[in-house]
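# Working through the structure, step by step
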Amino acid sequence: MTQGDSPELQQLYKDFDANHMLPLWTQLDDLMPMQPAPKAVPHVWKWSTLYPLAQRSGDLVPVGRGGERRAIGLANPGLGGRPYISPTLWAAIQYLGPKETAPEHRHSQNAFRFVVEGEGVWTVVNGDPVRMSRGDFLLTPGWNFHGHHNETDQPMAWIDGLDIPFSQQNDVGFFEFGAERVTDYATPNFSRGERLWCHPGLRPLSGLQNTVSSPIGAYRWEYTDAALTEQLLLEDEGQPATVEQGHAAVRYTNPTTGGDVMPTIRAEFHRLRAGTATPARREVGSSVFQVFEGHGSVVLDGVETKLDKGDLFVVPSWVPWSLQAEDQFDLFRFSDAPIMERLHFDRVHVDGGNR
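The structure displayed is predicted, hence computed values, not measured ones.

A word on the sheet that holds strand β11 (residues 175–177). Across the sheet, 5 strands lie side by side as β7-β6-β9-β4-β11; this open sheet has antiparallel pairing. Edge strands, defined here as strands with exactly one partner in the open sheet, are β7 (128–133) and β11. In this sheet, neighbouring strand axes are inclined to one another by 25° on average, regardless of whether the strands run parallel or antiparallel. Here 6 bridges tie strand β6 (residues 119–125) to β7, and the two strands are oriented antiparallel to one another.

Given below as structure tokens:
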């Protein structure tokens, strides 16, 4: 837009700088790229590395007031050392030792837990004790008091997911300490929220008002597993029950709205038959996957990585990815899709078609 490098032009740029101004013509490629150019990079974390490190932290770092949680965030290598797995999402491995209690607190950020192995911990959310067991997806929506207690002689680890980066960048966060312990040490098999809400197709008349986040504290593995199993059985019968051949999937939903479980986070579970390969796809927004069971591989931006139980990987915005199953391959997925869709930034490209 300009020619030459005259003294007048140099002075103009100095005056821009002195007055905290930046001209668009020097930054257009960064501010308005032809397509998303994420700073976050695709990356894989191996469970065989994560768990021993979490275990060592359990031996050396106490849990309690101050640090609050023995949670170790996964830092995307492209984000300059920030404890973010993507620009909008936070993921961590949390470790609770035998008979330990993590004190209660609450925060604006929405949170969940997914359990890849272990049992014996209860998370207490607004006074409701919720059992944590293998394959369970558990919610802690924003501004709900919550703490955890381990009733066994064995440690337990799980993954946490939150919208911390999105909340921090937009300056919306609040935090409040709660009780030093948890408010209810009961260990029921099912929480009060589950007893009220988890009956297929039935809504309590005492709960007709829609809620921003799901009132269900735990989505149990036995129901997730049964739903995926039936999809593949229906596919065997020639019925259109799967998202693509050999690929069953479910989305966890808020029963009061039919929408996502929380306003900023989408959660899904995917099951691929042995030998199934998905087409490469690109999506605006970021996703994180954890392998729950089975063996396979992911191709991230052309690079293939073998995956085993517990491994996690992140897919930044518009990075192509695909999956390949060696045997039955089960994966938990969470993403920032509700944000992208609500703001109408969502876009998907699948090899062989556009959407």
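Counting across every chain of the model gives 19 salt bridges. A salt bridge links arginine 106 to glutamate 176, with the nearest nitrogen and oxygen atoms 3.0 Å apart. With arginine 106 in strand β4 (residues 101–107) and glutamate 176 in strand β11, this residue pair connects regions lying 70 residues apart in the sequence. A relative accessible area of 18% means that arginine 106 is categorised as buried. Residue classification places glutamate 176 among the partly exposed residues on the basis of a relative accessible area of 30%. Across the pair glutamate 326 and lysine 306 runs a salt bridge, and its minimum N-O distance is 3.2 Å. Here the residue glutamate 326 occupies a position in the loop between β20 (321–325) and β21 (329–335), and lysine 306 occupies one in strand β18 (residues 303–307), the gap between them amounting to 20 residues.

Attention shifts here to the pairing of strand β3 (residues 90–96). Within β3, 7 of the 7 residues are buried, leaving the element largely enclosed by the surrounding structure. Residues Trp90, Ala92, Gln94 and Leu96 point to one face of β3 and Ala91, Ile93 and Tyr95 to the other, with burial holding for every one of them. Two elements, strand β2 (residues 71–73) and β3, share 3 bridges in a ladder whose sense is antiparallel. Following the sheet pairing, glycine 73 is matched in β3 by alanine 92. Bridge analysis of β3 against strand β10 (residues 156–162) gives 7 bridges, and the strand direction is antiparallel. Across the sheet, the residue bridging to tyrosine 95 is alanine 157, located in β10.

For the structure shown, the criterion picks out 22 aromatic pairs. Ring geometry for tryptophan 47 versus tyrosine 51: centroids 6.1 Å apart, planes at 35°, classification tilted. One end of the pair is tryptophan 47 and the other is tyrosine 51, both in helix α3 (residues 47–60) and 4 residues apart, which spans about a single turn. Each member of the pair, tryptophan 47 together with tyrosine 51, is buried. Ring centres of tryptophan 221 and phenylalanine 269 lie 5.2 Å apart, and the angle between their planes is 50°; this geometry places the pair in the tilted category.

We now examine the layout of surface pockets. Considered as a void within the structure, the largest pocket measures approximately 810 Å³ in volume. What lines the largest pocket is a set of 28 residues, and nearest its centre among them are Pro33, Pro36, Ala37, Pro38 and Ser317. Counting only elements with at least two residues in the lining of the largest pocket, the list comes to α2 (28–31), α4 (164–169) and α7 (337–342). Ranked by the residues each element gives to the lining of the largest pocket, the list is headed by α2, at 3 residues. Grouping the constituent residues of the lining of the largest pocket by class yields 17 nonpolar, 6 polar and 5 charged.

About the cut-offs
Residues numbered from 1 in each chain as written. Predicted model: local features only at pLDDT ≥ 70, side-chain atom pairs only at ≥ 80, totals over all residues. Heavy atoms only, no water. Pairing = 2+ DSSP bridges. Helix = DSSP H or I, 4+ residues; strand = E, 2+ residues; numbered from the N terminus. Axes fitted to C-alpha atoms, helices over the stretch in contact; angles between N-to-C directions. Salt bridge = Lys/Arg side-chain N within 4 Å of Asp/Glu carboxyl O. Buried < 20%, exposed > 50% of the residue type's maximum accessible area, 1.4 Å probe, protein only. Phe/Tyr/Trp six-rings, centres within 6.5 Å; stacked < 30°, edge-to-face > 60°. 1 Å grid on protein atoms, 1.4 Å probe; cavity = no way out; pocket = protein on both sides within 12 Å on 5 of 7 lines; lining within 4 Å. Points joined across faces, edges and corners; volume = space filled by probe spheres on them. Nonpolar A, V, L, I, M, F, W, Y, C, P; charged D, E, K, R; others polar.

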